[in-house]
Amino acid sequence: KEAVIADLKALLEKQEDVNATFPEFREIQNRWRAIGPVPAQSYRNINETYQLYVEQFYDMVKINRELRDLDFKKNLEAKEAFCAMAEKLAENPNVVEANRALQQLHDEWAEIGPVARELREDLWNRFKQASSVINKKHQAYFDELHAKENENLEKKQALVERLKSINWAAIKSNKQWDEATEQVQAIQQEWRTIGFAPKKQNQAIYNEYRELCE
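Residues numbered from 1 in each chain as written. Predicted model: local features only at pLDDT ≥ 70, side-chain atom pairs only at ≥ 80, totals over all residues. Heavy atoms only, no water.

### Some words on the environment of F72
So, step 1. With respect to the helices and strands, the residue F72 is situated in helix α4 (residues 65-89).
So, step 2. With near-sequence residues (within four places) excluded, F72 lies in contact with Y58, P114, V115, A116 and R120. (Helix = DSSP H or I, 4+ residues; strand = E, 2+ residues; numbered from the N terminus. Contact = heavy atoms within 4.5 Å.)

The structure is reproduced here in structure tokens:
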């Protein structure tokens, strides 16, 4: 992708007639779209650089106005469709699925060329606003999930302490064994009703619980 950007920059510097530059520009766009993902830490910078040069091409190169406007129209239709899809995703009750689909939309948005200069900011703000709604719901969902997991951990820790409190050495009769067994079974039954604890602690608390049960 860095090589494609270098070729695009060189094309800008030619300032030739559309008959020479536009087909080459199209070929550069096709090469860009055919390339796979880049490392996450480089994604934003390399895409913003590419989009900057693409916009400069449309703004600075002396291409046929009718051809440029037709391209702008096509890009506008595509980006308006993406805005509508993002707004529809904001209504999806499955926030994880919606967020995943939104990321795909953002990736595809970055591959679409620019629209007319006077429309760029408003169009991007519309897409960004719909994205913000989804992102906030996604964050709220995981905040609630993490709070529930911490609550589950506290409940499981309390059950482990109840298991630890049973004094097996003091049991001397069958009746006492029956009573202790009933306590363990009640604890096990309650354990099954509790969901997952946070990932880092979930296996450790389960191992401790299972060892005490055994």
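We are not done yet, so read on.
### Side note on the side chain of N47
So, step 1. As for its placement among the helices and strands, N47 is situated in helix α3 (residues 40-60).
So, step 2. A polar contact of 2.9 Å, which involves the side chain of N47, links it to the backbone oxygen of Y43.
So, step 3. Apart from the residues lying within four places of it in its own chain, the contact partners of N47 are W32, A110 and E111. (Polar contact = N/O pair within 3.5 Å; in protein donor to acceptor, adjacent residues only side chain to side chain.)

### Topic: the packing of α4 against helix α6 (residues 117-165)
Geometrically, a packed helix pair is captured by the angle between its two axes and the distance between the axes.
So, step 1. Contact geometry of α4 with α6 gives a least axis separation of 8 Å together with a crossing angle of 20°. In terms of orientation, α4 and α6 fall into the roughly parallel class. Here α4 runs over α6; the crossing is left-handed. Each of F72, L76, K79, E80, F82, C83, A84, A86, E87 and L89 in α4 lies in contact with α6, whose residues at this interface are L119, R120, L123, R126, F127, A130 and I134. (Axes fitted to C-alpha atoms, helices over the stretch in contact; angles between N-to-C directions. Parallel < 35°, antiparallel > 145°, perpendicular 65-115°, else oblique. Left-handed = near helix turned anticlockwise from the far one by under 90°.)

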